[in-house]
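Take a look at the letters that make up each chain.
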Amino acid sequence: MSPHHSHARSTLPVAGEDHARLTIDLSALADNWRAMARRSGAARTAAVLKADGYGIGLEHAGRTFHHVGARDFFVATPAEGATLRAILPDVRIYVLSGMWAGSERLFFEFDLVPVIVSEEQLVVFMAAVSEGRDHPCVLHVDTGMNRLGLRVEDALALAGDAARPASFAPIMLLSHLACADEPAHPLNRQQLQRFRSVVTAFDDIDASLANSAGIFLGEDYHFTLTRPGIALYGGSAVNGVDNPMKPVVTAEARILQVREAKAGESVSYGATPLARDSRIAIAAIGYADGYMRTLGAGVPLRAAGIPAASGVLHGRTVPLIGRVTMDLTHFDVTDLPPGSVRAGDFIELFGRAMPIQDVARAAGTVDYELLTSLGNRYERRYETVKK
């Protein structure tokens, strides 16, 4: 399996001059979809491709999922849907933000399925199809998240409305779980019961409730279509358990300099003091690349006792020291053999050797934010799917 190179974003690094790189394992991505499809049992398994495929590249992610059997895809916006349609002409693409006035043309031109999230959007959709267009839609029902969707009572009233236009015949009902990452949370069962009540009111219709974490809740939550997201990309979907998914993204940064500093001296902005004579490796990575400032010193997380992030260099874990800056981050390599770390070496920030959920925890955030915050200065290397 040999990597091939693809640069899909603007302001790209020049080949051979990369200061930071992402290695994206498309075989792991494919295996993660297969694993979630197995866990989904009899339900069809979609793939969520929001935010440029969770930061790894919509085109590569979409083609990989399609290659292993996905035929249903979820995106956030019609523009994302239009991009995906050019890549995958034979799939069903659902747009989670729905249809609003002025966006109708994109839905018809690129055969996108709007997920209707409000009464206002329902009016827009009905006006758009009033000229005899036969176009599918999905109805989003809010079962307890208070984000998008019709309230349960309004969805039930719509289902029982004898005056409902015959042209409004959604192909699927959808809702979203608020606390599926906490399996014991009582809201999970409450949302399940509310969703079932709406599904029962609509005759013979597909239904989708389970995101990545919802799939792990079991068969009751699967209905006819599951829609995994973060788990496909190697992220941790359920709190407090080992992550069973394969890591997909490995982020690395080049060491620009290795320097010596004495105990009592300080490092980076804010002058974090050094408790010992130290060797410091300065890596070409910073918050402009999505390597967040909250990973380093001088933030409330450190005062609360949550340690700073670490990287992996030559097979050894090395701690981040000082504050993360826009372009540069310091790592303490004192405990590595003298001379073993040199300018030009690459340190792993997260990936195969450093779990992304551990780095997210050090930043006080979640895997999703790390992946979708990746900047455009990385050289992206895609390892192809194994035959």
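Residues numbered from 1 in each chain as written. Predicted model: local features only at pLDDT ≥ 70, side-chain atom pairs only at ≥ 80, totals over all residues. Heavy atoms only, no water.

### Focus: the pairing of strand E13 (residues 249-261)
Of the pairings in the sheet, the one linking strand E2 (residues 20-25) to E13 comprises five bridges and is antiparallel in character. Note that in E13 the partner of Arg 21 across the bridge is Glu 252. Across four bridges, E13 lies against strand E20 (residues 346-350) in antiparallel orientation. Among the inter-strand pairings, Glu 252 is bridged to a residue of E20, identified as Glu 348. Where E13 lies against strand E16 (residues 278-283), six bridges are found, and the strand directions are antiparallel. The partner of Glu 260 across the bridge, within E16, is Arg 279. (Pairing = 2+ DSSP bridges. Helix = DSSP H or I, 4+ residues; strand = E, 2+ residues; numbered from the N terminus.)

### Regarding the packing of helix H7 (residues 152-159) against helix H8 (residues 186-201)
Interaxial distance between H7 and H8 falls to 9 Å at its minimum, and their mutual angle equals 10°. Relative to H8, the element H7 lies roughly parallel. Contact residues: H7 offers Val 152, Ala 155, Leu 156 and Ala 159, while H8 offers Arg 194, Ser 197, Val 198 and Ala 201. Its residues assigned to classes, the contact of H7 with H8 shows six nonpolar, one polar and one charged. (Axes fitted to C-alpha atoms, helices over the stretch in contact; angles between N-to-C directions. Parallel < 35°, antiparallel > 145°, perpendicular 65-115°, else oblique. Contact = heavy atoms within 4.5 Å. Nonpolar A, V, L, I, M, F, W, Y, C, P; charged D, E, K, R; others polar.)

### Topic: the pairing of strand E5 (residues 72-75)
Burial along E5 is two-sided: Asp 72 and Phe 74 and Phe 73 and Val 75, pointing in opposite directions, are all buried. As paired strands, strand E4 (residues 47-48) and E5 are joined by two bridges and run parallel to one another. By the bridge assignment for E5, Ala 47 is matched with Phe 73. Bridge count between E5 and strand E6 (residues 92-95): four bridges; the pairing is parallel. Bridge pairing in E6 places Phe 74 opposite Tyr 94. Chirality of the crossover, the property in question, places the unit of E5, helix H4 (residues 78-87) and E6 among those that are right-handed. (Buried < 20%, exposed > 50% of the residue type's maximum accessible area, 1.4 Å probe, protein only. Right-handed = clockwise from strand over helix to strand, strands pointing away.)

### Comments concerning unusual backbone geometry
Positive phi is not limited to glycine here, since Tyr 54 has a value of about 50°. Its location among the elements puts Tyr 54 in helix H2 (residues 50-54).

### A short note on helix H3 (residues 58-67)
Burial runs high along H3: seven of the ten residues are buried. Among all positions of H3, only Leu 58, His 60, Ala 61, Gly 62, Thr 64, Phe 65 and His 66 are buried. Looking at the residues trailing H3, positive phi occurs at Gly 69, about 125°.

### Structural notes on the packing of H3 against H4
A pair of packed helices can be characterised by two numbers: the angle between their axes and the separation between those axes. In the contact formed by H3 and H4, the axes pass within 10 Å of each other and the chain directions differ by 55°. Classified by the angle between their axes, H3 and H4 sit oblique to one another. Considering the relative orientation of H3 and H4, their crossing is right-handed. Counting all contacts with H3, which are made through Leu 58, Glu 59, Gly 62 and Arg 63, the residues of H4 involved are Glu 80, Thr 83, Leu 84 and Ile 87. A per-class count over the contact of H3 with H4 returns three nonpolar, two polar and three charged. (Left-handed = near helix turned anticlockwise from the far one by under 90°.)

### Some points on the pattern of salt bridges
Within this structure, the stated rule accounts for 19 salt bridges. In this structure, the salt-bridge partner of Arg 44 is Asp 72, at a minimum N-O distance of 3.2 Å. Linking Arg 44 in strand E3 (residues 44-45) with Asp 72 in strand E5, this pair joins segments that are 28 residues apart in sequence. Looking at Asp 72, the relative accessible area reads 7%, which means it is buried. Two residues, Arg 105 and Glu 109, come together in a salt bridge whose shortest N-O distance is 2.4 Å. Separated by four residues within a single helix, Arg 105 and Glu 109 lie in helix H5 (residues 104-109), roughly one turn from each other. Within this structure, Asp 25, Arg 352 and Glu 383 form a network of salt bridges that share partners. (Salt bridge = Lys/Arg side-chain N within 4 Å of Asp/Glu carboxyl O.)

### Quick notes on helix H11 (residues 356-363)
With six of eight residues buried, H11 is to be regarded as a mostly interior element. Among the residues of H11, Ile 356, Gln 357, Val 359, Ala 360, Ala 362 and Ala 363 are the ones counted as buried. Its buried side turned inward, H11 meets helix H10 (300-303), E20 and helix H12 (367-372). Following H11 by one or two positions, Gly 364 has its phi on the positive side, about 70°.

### A look at the confidence of the model for the chain
When pLDDT is averaged along the chain, the result is 93; 94% of the residues meet or exceed 70. Contacts for the low-pLDDT stretch residues 1-15, under 50 throughout, to residues beyond four places or in other chains number 34 contacts. (pLDDT = per-residue confidence, 0-100.)

### What about the nonpolar core?
Soluble globular proteins tend to pack their nonpolar side chains together in the buried interior. With 114 residues, the main nonpolar core has Phe 65, Tyr 233, Tyr 291 and Leu 295 as its most contacted residues. Excluding anything up to four places from it in sequence, Tyr 291 contacts Ile 285, Gly 286, Ala 309, Ser 310, Leu 320, Val 324, Thr 329, Phe 331, Leu 349 and Val 359. Ranked by size, the runner-up nonpolar core spans six residues in total, among them Ala 261, Val 267, Ile 280 and Ile 321. (Core = buried A, V, L, I, M, F, W, Y, C linked by side-chain atoms within 4.5 Å.)

### With respect to a negative patch on the surface
Taken together, the side chains of Glu 119, Glu 120, Glu 153 and Asp 154 define an acidic patch exposed on the protein surface. Elements with a minimum of two residues in the negative patch: helix H6 (119-128) and H7. Topologically, Asp 154 is positioned in helix H7. The exposure class of Asp 154 is partly exposed, given its relative accessible area of 33%. (Patch = residues over 30% accessible without salt bridge, like charges linked within 9 Å, V, L, I, M, F, W, Y side chains within 5 Å. Areas by Shrake-Rupley, 256 points an atom, 1.4 Å probe, with all protein chains shown as cover. Lys, Arg positive; Asp, Glu negative; His and termini not counted. Charge placed at Lys NZ, Arg CZ, Asp CG, Glu CD.)

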